[in-house]
Amino acid sequence: MATREQVEELKQKMAEERTALIAAARGLTPDDALRVPKDAKGEEQWTALEQLAHLHEMERSYDAWVRAALEQDGADLTGIRGEPVRIPIEDANGHSVAEMLDLLDRERHYTRGLIDGISLEGFDRTAVSPAFGRLTVLQYLRSFYRHDRQHAAQIAGRQSDYKPNFASGKEPNQRQARIELVANRRQSQQ
């Protein structure tokens, strides 16, 4: 069973990694926030603003996954996404770093409240994600700080020491999938 110490460590790491992410983002000039690293692949091709929007969207999704696991142990997360965000990835470049950080702060406030409301037994509940397989609530929550670390490194222009452990063994090209999703959405709206 999860321990109070593990939960406190989770909250501490979440705060530390978010602080590092904010510092990396605040250090960007407006031009830097729109720059795409040379020879980048996949989501590394996103600008810093797009990466911040991605973090916002994914935090909403992780929160939805945690809620699903709390509602039903072993929940199937297929198709479960968080509520749409005000600034999706495809619109992020038209906004400022400060705006994106404000959205991330508001979302994190919600997440901290969610964590504080979980009993120790709740952290052991599981959910099955097509991308990550079966994880406990605690493992999903650890994804928050690891994801922040990954994108803070990318925003700072360096390779991250963290790589997500996808069930397929290979990270999907989330950037390309997003481009296709937006194109399909726009086509269906015409």
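Before reading further, recall that the structure is shown in the block above.
Residues numbered from 1 in each chain as written. Predicted model: local features only at pLDDT ≥ 70, side-chain atom pairs only at ≥ 80, totals over all residues. Heavy atoms only, no water.

## Quick word on the sheet that holds strand β2 (residues 126–129)
Here is step 1 of the chain: Taken together, the three strands give an open sheet; going across it, the order is β1-β2-β3, and neighbouring strands pair in mixed fashion. Edge positions in the sheet fall to β1 (75–76) and β3 (133–136), since each has one partner strand and no second.
Here is step 2 of the chain: In terms of strand pairing, β1 meets β2 through two bridges, oriented parallel. When the sheet's bridge partners are listed, A75 is paired in β2 with A127.
Here is step 3 of the chain: Contacting β2 and β3, helix α5 (residues 137–155) runs over the sheet at an angle of about 90° to β3. (Pairing = 2+ DSSP bridges. Helix = DSSP H or I, 4+ residues; strand = E, 2+ residues; numbered from the N terminus. Contact = heavy atoms within 4.5 Å. Axes fitted to C-alpha atoms, helices over the stretch in contact; angles between N-to-C directions.)

## Brief notes about the packing of aromatic side chains
Here is step 1 of the chain: One pass over the full model with this rule turns up four aromatic pairs.
Here is step 2 of the chain: Note on Y62 and F144: the rings are 5.2 Å apart at their centroids and 65° apart in plane angle, and the pair reads as edge-to-face. You can see Y62 sitting in helix α3 (residues 48–71) and its partner F144 sitting in helix α5, a full 82 residues away along the chain. Pair check on accessibility: Y62 and F144 agree, each one buried.
Here is step 3 of the chain: Taken together through their ring pairs, the aromatic side chains of Y62, W65, F132, Y140 and F144 make up a single cluster. (Phe/Tyr/Trp six-rings, centres within 6.5 Å; stacked < 30°, edge-to-face > 60°. Buried < 20%, exposed > 50% of the residue type's maximum accessible area, 1.4 Å probe, protein only.)

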